Amino acid sequence: MLGPLQEQYAGRTDITFTGFRQGSELSDLYAAADLFVFPSATETFGNVVLEAMASGTAVIGAEAGGVADNIRHGRTGLLCKPGDVSDFVEAVERLYYDPSLREKLAREGRRYTLHQSWDRIYSRLFDSYLEVLAEQFQKVFTSESL
């Protein structure tokens, strides 16, 4: 996917393909951005969204998977319908024309990440597993009692 994009935008001075980055260099890139757009509908955890939020960057993501678990629409970022390009364009334009909203989402997103930890994340995952098991047991119990 990278090759065709580099060919399409060859010679442009306003686009930079940074390649793989990590650590403070990555967080500096996130922090330098006006916003972070992540349209993936298959992300299971949403780590890149948390990284951008932790760097104080407003985020826009697909309302699916781990991204939807981490973004609170209108509070810590904006969620868009997965695969709906016009929804994402509208969200980008909204934040472009409303810098105070962009700043609020960046601030609240950063605040949200300060309360995240692996213990909290695993606890939520464990609670989800318990919920699924309870539903399955309820189905089995209801079926057997008929």
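Here's what I pulled together on the structure shown here. (Residues numbered from 1 in each chain as written. Predicted model: local features only at pLDDT ≥ 70, side-chain atom pairs only at ≥ 80, totals over all residues. Heavy atoms only, no water.)

## Some words on the nonpolar core
- Residues Tyr30, Phe36, Phe38, Val49, Leu50, Ala52, Met53, Val59, Val67, Ile71, Leu79 and Tyr112 constitute the largest nonpolar core, which totals 12 residues.
- By residue number, the principal contributor to this core is helix α3 (residues 47-54), which donates 4 residues.
- With near-sequence residues (within four places) excluded, Phe36 lies in contact with Tyr30, Val48, Val49, Ala52, Thr57, Ala58, Val59 and Ile60.
- Core analysis: the next-biggest nonpolar cluster, separate from the first, contains 11 residues, Ala58, Ile60, Ala62 and Leu95 among them. (Core = buried A, V, L, I, M, F, W, Y, C linked by side-chain atoms within 4.5 Å. Buried < 20%, exposed > 50% of the residue type's maximum accessible area, 1.4 Å probe, protein only. Helix = DSSP H or I, 4+ residues; strand = E, 2+ residues; numbered from the N terminus. Contact = heavy atoms within 4.5 Å.)

## Some thoughts on the sheet that holds strand β3 (residues 78-80)
- Here we have 3 strands laid out as an open sheet, ordered β1-β2-β3, and parallel in their pairing. Each of the sheet's edge strands pairs with one partner strand only, and the pair in question is β1 (35-38) and β3. Sheet twist, expressed as the average angle between the axes of neighbouring strands with direction ignored, equals 15 degrees.
- The sheet contact formed by strand β2 (residues 58-62) and β3 spans 3 bridges and is parallel. Its bridge partner being in β3, Ile60 is matched across the sheet by Leu78. (Pairing = 2+ DSSP bridges. Axes fitted to C-alpha atoms, helices over the stretch in contact; angles between N-to-C directions.)

## Overview of the side chain of Asp87
- Of note, Asp87 is situated in helix α5 (residues 85-97).
- For the buried Asp87, no salt bridge is present, and the opposite-charge side chain at shortest range is Lys81, 4.3 Å distant.
- A distance of 2.7 Å separates a polar atom in the side chain of Asp87 from the backbone nitrogen of Lys81.
- Ignoring anything within four residues of it in the chain, the contact list for Asp87 reads Leu79, Cys80 and Lys81. (Lys, Arg positive; Asp, Glu negative; His and termini not counted. Salt bridge = Lys/Arg side-chain N within 4 Å of Asp/Glu carboxyl O. Polar contact = N/O pair within 3.5 Å; in protein donor to acceptor, adjacent residues only side chain to side chain.)

## So, the packing of aromatic side chains
- Tallied over the full model, the rule gives 3 aromatic pairs.
- Summarising the aromatic geometry, the rings of Tyr30 and Phe36 are spaced 5.4 Å apart at their centres and angled 80 degrees between planes, so their arrangement reads as edge-to-face. Phe36 matches Tyr30 in its accessibility class, with the two residues each being buried. (Phe/Tyr/Trp six-rings, centres within 6.5 Å; stacked < 30°, edge-to-face > 60°.)

Geometric values such as these leave the question of function open.
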